[in-house]
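# Structural overview for review
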Amino acid sequence: MVCPEEPELPDEELDEEELDESVVVSDGPVVSKLEAASLSVEADSSIYDIAGKIGKKLQKAALVAAVNDRLVDLFFHLKENTNLQPFTFASADGKDAFWHSASHLLAQAVKRLCPGAKFAIGPSIENGFYYDFEVERNFTPEDLEKIEAEMAKIVAEDIEVVR
């Protein structure tokens, strides 16, 4: 199954400058080296909190970040001198993180509706993701509507997702 829809982003467009930030963490306050300004944040701050200091639009739209070129989730805490790059759905890394998470959401919904389903692979691909399931019969369009509704229900439950 390919997920062609993009996530809903904030009403305002993100500035390209907001997507290309570099944050350096020191033993004391964290100093962010930004293109046009500097930003101080507390040591042991999460990527999510730092994104909020850069801008609320970025905080809402960020999906994943690179810390010293290693992808981490938004609740990763910086503890040392670090280069930080947050990613939104506008980037390949952001899309991949979103689709990876969406494939887990799909799997959770299918497991709830079809407890006997067996799971194969569910990778993100260039334009979405897919998941292979072994079930008693092929999914019908009505099944897909039920799966989509279950996915929405799971999202509404606001379950904490921890990597």
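To be clear, the structure that these remarks concern was listed above.
The rules behind the values
- Residues numbered from 1 in each chain as written.
- Predicted model: local features only at pLDDT ≥ 70, side-chain atom pairs only at ≥ 80, totals over all residues.
- Heavy atoms only, no water.
- Pairing = 2+ DSSP bridges.
- Helix = DSSP H or I, 4+ residues; strand = E, 2+ residues; numbered from the N terminus.
- Axes fitted to C-alpha atoms, helices over the stretch in contact; angles between N-to-C directions.
- Buried < 20%, exposed > 50% of the residue type's maximum accessible area, 1.4 Å probe, protein only.
- Salt bridge = Lys/Arg side-chain N within 4 Å of Asp/Glu carboxyl O.
- Core = buried A, V, L, I, M, F, W, Y, C linked by side-chain atoms within 4.5 Å.
- Contact = heavy atoms within 4.5 Å.

Turning our attention to the sheet that holds strand β5 (residues 70–72). In a beta sheet, neighbouring strands pair by backbone hydrogen bonds and run either parallel or antiparallel. Ordered by their spatial adjacency, three strands build an open sheet running β5-β4-β6, and the pairing between neighbours is antiparallel. Each having just a single partner strand, β5 and β6 (84–87) make up the two edges of the open sheet. Each strand of the sheet is rotated relative to its neighbour by a mean of 30°, with strand direction disregarded. Where strand β4 (residues 64–67) and β5 come together, three bridges link them in antiparallel fashion.

Position of Pro 115 relative to the elements: it lies in the loop between α3 (92–113) and β7 (118–119). By relative accessible area, which is 59% here, Pro 115 ends up exposed. With 20 residues separating them along the chain, Pro 115 and Val 135 place their C-alpha atoms 9.5 Å apart.

Attention now goes to the pattern of salt bridges. Enumeration according to the criterion identifies four salt bridges in this entry. Between Arg 112 and Glu 157 there is a salt bridge, and its shortest N-O distance comes to 2.8 Å. Of the two residues, Arg 112 sits in helix α3 while Glu 157 sits in the segment after α4 (141–156), which places them 45 residues apart along the sequence. A salt bridge links Arg 137 to Asp 143, with the nearest nitrogen and oxygen atoms 2.5 Å apart.

Let us now look at the nonpolar core. Ranked by internal contacts, the top residues of the largest apolar core, which has 15 residues, are Leu 106, Val 110, Ile 147 and Met 151. Elements supplying a minimum of two residues to this core: α3 and α4.

Let us look at the environment of Glu 134. Take Glu 134: it is sitting in strand β10 (residues 133–134). You can call Glu 134 exposed: its relative accessible area is 51%. Sequence separation between Glu 134 and Ala 117 is 17 residues; the distance between their C-alpha atoms is 5.7 Å. In contact with Glu 134, other than residues within four places in its own chain, are Gly 116, Ala 117 and Lys 118.

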